[in-house]
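Chain and residue survey
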Amino acid sequence: MGRPWRVHSGGVVPATSQVDDVPDVLDLESIHDLHADFVWCSLQRLGVRPADLEDALQEVFVVVYRKLASFDGSSRLTTWLFGISMRVASAYRRKAYRRRERTVVDMEATAGASPFDGPEDALVERQSRQRLTEVLDELEPARRAIFVMFEIESIGCPEIAEQLGLPIGTVYSRLGAARVDFSKAAARLRRREEAGHGR
């Protein structure tokens, strides 16, 4: 699978960030200009639903504005941004669980079927995506992000390590743990579905 693309207010852009770009002046506007795409993708990987992405992105940069003076450069800027994104994503996912609602935007985004598919194909595609989302939602956020980057977005471990500012060994370790967690969560989902069909 190639790199994902997304539509943002400025048009279609690649879902990547130039992680080596550090602004000459560390201010909110320059950080946003250089790393908004990285934050957007991080929030997606961490499980923020499509309907909540714009709000979550804004929330991340509100936190960046408040905490910017505390950034001392001891870690990569993208590592710091990813940590903020994890906390914001966790808060949004908790809200989503409390609401227990699926918006039209969510349904359209998870449908993903071609307009030429029949209704049965569209239903199977929607159900498959929903199952994948349910399983991913059970993963610990840092592991989930690496799992999504490697298994779904086909980003190699060295690039993941570079983007997230992690040692390569940590990436491999989290990916291995995420694969185990994913298999266990998928098995639990299958058992729940089988129990539901048996009623």
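Anything mentioned here points back to the structure above.
Residues numbered from 1 in each chain as written. Predicted model: local features only at pLDDT ≥ 70, side-chain atom pairs only at ≥ 80, totals over all residues. Heavy atoms only, no water.

Considerations on the overall build of the chain
The condition is simple: Numbered from the N terminus, helices here are DSSP runs of H or I no shorter than four residues, and strands are runs of E no shorter than two. Relative accessibility under 20% of the residue-type maximum defines a buried residue, over 50% an exposed one, and the middle range a partly exposed one, all with a 1.4 Å probe and only protein chains included. Whether two residues are in contact is decided by their heavy atoms, any of which lying within 4.5 Å being enough.
Assigned secondary structure in the chain consists of eight helices and two strands. In the chain, the succession of α and β elements from N to C terminus is β-β-α-α-α-α-α-α-α-α. Each of the 199 residues in the chain was classed as buried or not, and the buried ones make up 37%. Here the analysis covers contacts within the chain between residues at least 6 apart in sequence; of these, 63% occur between residues at least 24 apart.

Some points on the pattern of salt bridges
Think of it this way: side chains of opposite charge can pair up when their charged atoms draw near. Just so we agree on the cut-off: Here a salt bridge means any side-chain nitrogen of Lys or Arg lying within 4 Å of a carboxyl oxygen belonging to Asp or Glu.
Under the criterion given, the structure shown has ten salt bridges. With its nearest N and O atoms 2.8 Å apart, the salt bridge here joins Glu193 to Arg131. Taken together, the positions of Glu193 in helix 8 (residues 168–197) and Arg131 in helix 5 (residues 119–136) put the pair 62 residues apart, joining distant regions of the chain. A salt bridge links Asp181 to Arg143; its shortest N-O distance comes to 2.6 Å. With Asp181 in helix 8 and Arg143 in helix 6 (residues 141–152), this pair connects stretches of sequence that are 38 residues apart. When its relative accessible area of 21% is taken as the criterion, Asp181 is described as partly exposed. Put simply, Arg49, Asp137 and Arg144 are held in one network by salt bridges that share partners.

Description of helix 2 (residues 53–67)
In an α-helix, one turn spans 3.6 residues; hence positions three or four apart end up facing the same way. Quick note on the threshold: Expected span, for any helix, means 1.5 Å times one less than how many residues it has. The arc in question is the one traced by the directions running from the helix axis out to the C-beta atoms.
With 15 residues, helix 2 should cover 21 Å at 1.5 Å per step; its first-to-last C-alpha distance of 21 Å lies within 8% of that length. Three or more residues of helix 2 are buried, namely Leu53, Ala56, Leu57, Val60, Phe61, Val63 and Val64. In an axial view of helix 2, the angular spread of the buried residues amounts to 150°, which keeps them on one side of the axis. Relative to its buried face, helix 2 has exposed residues pointing more than 90 degrees away, namely Gln58, Tyr65 and Arg66.

Observations regarding the packing of aromatic side chains
This is how it is decided: Pairing of aromatic rings covers Phe, Tyr and the six-membered ring of Trp, with a centre-to-centre limit of 6.5 Å; geometry is then stacked below 30 degrees between planes, edge-to-face above 60, and tilted otherwise.
Inspection of the entire model under this criterion finds two aromatic pairs. On the numbers, 5.0 Å between centres and 40° between planes, the contact of Phe71 with Trp80 is tilted. Per residue, the accessibility class of Phe71 equals that of Trp80, and both read buried. Ring plane angle 20° and centroid distance 4.7 Å describe the contact between Phe147 and Phe182, whose orientation is recorded as stacked. Of the two residues, Phe147 is situated in helix 6 and Phe182 in helix 8; the sequence distance between them amounts to 35 residues.

Brief notes about helix 1 (residues 28–45)
Which entries qualify depends on this criterion: Throughout, bend refers to the angle between the axes fitted to the seven residues that end at a position and the seven residues that start at it.
Its maximal kink placed at His35, helix 1 deviates by approximately 65°. Within helix 1 the residues assigned to the buried category are Ser30, Ile31, His35, Ala36, Phe38, Val39, Trp40, Cys41, Ser42, Leu43 and Arg45. Backbone geometry just downstream of helix 1 places Gly47 in the positive-phi region, at approximately 100°.

A short note on the environment of Thr78
Here is the rule: Throughout this description, a polar contact denotes any pair of N or O atoms lying within 3.5 Å of each other; where both atoms belong to protein, one of them has to be capable of donating a hydrogen while the other can accept it, and for residues adjacent in sequence the pair is counted only when both atoms sit in side chains.
Following the sequence through the fold, Thr78 ends up in helix 3 (residues 77–99). The class for Thr78 is buried, based on a relative accessible area of 1%. Expressed as a C-alpha distance, the spacing of Thr78 and Phe38, which sit 40 residues apart in the sequence, is 7.8 Å. At 3.0 Å, the side chain of Thr78 forms a polar contact with the backbone oxygen of Gln163.

A few points about the environment of Pro158
Position of Pro158 among the secondary structure elements: in helix 7 (residues 157–164). Residue class for Pro158 comes out exposed when judged on its relative accessible area of 56%. Separated by 14 residues in sequence, Pro158 and Tyr172 place their C-alpha atoms 9.5 Å apart.

Things to note about the nonpolar core
Heads up, the rule is: Put simply, a nonpolar core is a bunch of buried Ala, Val, Leu, Ile, Met, Phe, Trp, Tyr and Cys residues held in one set by side-chain atoms that sit within 4.5 Å of each other.
Ranked by internal contacts, the top residues of the largest apolar core, which has 41 residues, are Val39, Leu43, Val64, Trp80, Leu81 and Leu164. Of all the secondary structure elements, the ones that give two or more residues to this core are helix 1, helix 2, helix 3, helix 6, helix 7 and helix 8. Here the element with the most residues in this core is helix 3; it accounts for eight residues.

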